[in-house]
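# Descriptive analysis of the structure
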Amino acid sequence: AGCSVWPQPLAAYNPTSGSVVVDALYGAGLTRKMGGEARRALDLVDAAAIPVIAVDLPSGVSGETGQVLGASFRAAVTVTFVRKKPGHLLEPGRSLCGEVVVAGIGIPDSIVGARDLHENLPSLWAEALPSPSTDAHKYSRGHGMVFSGPPNATGAARLSALAAARAGAGAVTVLSPPAALEVNAAHLTSIMLRPIDGTADATDFVAARKVRAAVLGPGFGDAGRLRETALALLDSGSAPFTLVLDADAFTAFADAPASLFISAGASKARPRMTPPEGGVSRLFGDIARNASLSKVEKARKAAERAHAVVVLKGPDTVVAAPNGRAVINSNGSPFLATAGSGDVLAGLIAGFCAQGMDPFAAACAAVWIHAEAGSRFGPGLIAEDLPGMVPPILKELFGRSAG
């Protein structure tokens, strides 16, 4: 750590005012805590607040998990080579890297090898965003539905429904228990509303109205009825129907997750789950408690067990498919830490799936667009603001893919 006009042992290093530290102590493969003279140099640099340029990764950050092994440098700039590592994208590594510059060193992708892990960028999915044809009508653009909760908890479903519509679904219906019909009707205009009384009503509606995607969980309550509804939809549904499970779904199945996983594995429908890290602990307790696993590996193992695309939310959201494909989102915004934000994300995923978008790509697109909307709005954001931010972002993405 440090730069001088002649070589010196690390033990002799002392920072000087106006200097810059080039941190090249360890690489991305670090697996042990930093100690000895390296730790002494780190403490001196921190105390003197000297700017750091890291080579590959700030020393002390695991390239595989992004976790800090004891202590690490905080870089202003990190220069890595060929492509980013998971540690550049997963927290806390992402925050410790500062600006990340990827430098080519003449190694082609054919030598590095193909990956099933990527940074979540529009280049992965923008061309697959659904765009309506000139002869489209509302149902040909896809029909999505959202299950509402009781009268005192209807807002979450309406947020999901509005997000699905803003994502481009031609028709969106809120399925409401009779007791909540009046309060939902008072707040809905372009979103359709239908009373529902029992699981059979829901499965019949999916079949009769050609529903392609549904959101179940936000504000739903009633764990028993939620379990019954989810299992019935999985048992009766078939592709291209997608079931997005969120919020209360993870509590409802916490005592019997195997029933959900077995139904998902046997289903011809396409289940999607959007848990926060707390939701993972409820459905996948052993995976969540395994400290040796990175967030990517936790999401992959959860997706494989659940037979579903899993969106493991957070500032470094990971989307994983049962076959091991995964992305790490890198444009997360702290402004999304607000009540109802997750309901909007679930609705966006359903909205894209309703239009026939590949479910893994739909989840990746929804996560990126959701974060971009939060960043663009900025301070003061509440969940109701997010759906209205989606259309201009989609317009830009359509323009980018057309160009």
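Cut-offs used in this document
- Residues numbered from 1 in each chain as written.
- Predicted model: local features only at pLDDT ≥ 70, side-chain atom pairs only at ≥ 80, totals over all residues.
- Heavy atoms only, no water.
- Pairing = 2+ DSSP bridges.
- Helix = DSSP H or I, 4+ residues; strand = E, 2+ residues; numbered from the N terminus.
- Axes fitted to C-alpha atoms, helices over the stretch in contact; angles between N-to-C directions.
- Contact = heavy atoms within 4.5 Å.
- Phe/Tyr/Trp six-rings, centres within 6.5 Å; stacked < 30°, edge-to-face > 60°.
- Polar contact = N/O pair within 3.5 Å; in protein donor to acceptor, adjacent residues only side chain to side chain.
- Buried < 20%, exposed > 50% of the residue type's maximum accessible area, 1.4 Å probe, protein only.
- Parallel < 35°, antiparallel > 145°, perpendicular 65-115°, else oblique.
- Left-handed = near helix turned anticlockwise from the far one by under 90°.
- Nonpolar A, V, L, I, M, F, W, Y, C, P; charged D, E, K, R; others polar.

The next subject is the sheet that holds strand E13 (residues 318-320). Each strand in a sheet pairs with its neighbour through backbone hydrogen bonds, running either in the same direction (parallel) or in the opposite one (antiparallel). Overall, mixed pairing links the ten strands, which are arranged E5-E14-E13-E12-E11-E10-E9-E6-E7-E8 in an open sheet. Two strands close off the open sheet at either side, each with one partner strand: strand E5 (117-120) and strand E8 (192-195). Put simply, the sheet's adjacent strands are angled 20° from each other on average, direction ignored. For strand E7 (residues 171-176) and E8, the ladder comprises four bridges, and the chain directions are parallel. Bridge pairing in E8 links leucine 175 to arginine 194. Taken strand by strand, helix H15 (residues 359-377) contacts E5, strand E10 (238-245), strand E11 (268-273), strand E12 (309-312), E13 and strand E14 (326-329), and its axis lies near 5° from that of E14.

Before going further, it helps to examine the packing of aromatic side chains. Counted under the stated rule, the structure contains three aromatic pairs. Their ring planes at 75° and their centres at 6.4 Å tell us that phenylalanine 147 and phenylalanine 220 sit as a pair that is edge-to-face. Of this pair, phenylalanine 147 sits in strand E6 (residues 143-147) while phenylalanine 220 is found in the loop between strand E9 (213-216) and helix H8 (223-236), placing the two residues 73 residues apart along the sequence.

Let us now look at the environment of aspartate 56. Mapping aspartate 56 onto the fold places it in the loop between strand E2 (52-55) and strand E3 (77-81). C-alpha of aspartate 56 to C-alpha of alanine 258: the two residues are 202 residues apart in sequence and 42 Å apart in space. One polar contact links aspartate 56 to lysine 85, side chain to side chain, over a distance of 3.2 Å.

Here we take up the environment of glycine 374. By the secondary structure assignment, glycine 374 is in helix H15. For glycine 374, a relative accessible area of 0% translates into the label buried. In the structure, glycine 374 is positioned 91 residues away from leucine 283 in sequence and 28 Å away in space, judged by C-alpha atoms.

Let us look at the sheet that holds strand E4 (residues 99-103). Read from one edge to the other, the open sheet built from four strands follows the order E1-E2-E3-E4, with strand pairing classed as parallel. Strands at the two margins of the open sheet, each flanked by one partner only, are strand E1 (21-23) and E4. Each strand axis lies, on average, 20° off the axis of its neighbour in the sheet, ignoring direction. Here three bridges tie E1 to E2, and the two strands are oriented parallel to one another. Paired with aspartate 23 across the two strands is alanine 54, which belongs to E2.

In this section: the packing of H8 against helix H10 (residues 257-266). Packed helix pairs are characterised by how far apart their axes lie and by the angle those axes make with each other. Between H8 and H10, whose axes approach to 9 Å, the crossing angle comes to 15°. Accordingly, the angle class assigned to the pair H8 and H10 is roughly parallel. Read as a crossing pair, H8 and H10 show a hand that is left-handed. Seen from H8, the contacting residues are Leu231, Leu234 and Asp235; seen from H10, they are Ser259, Leu260, Ser263 and Ala264. The class makeup of the residues in the contact of H8 with H10 is four nonpolar, two polar and one charged.

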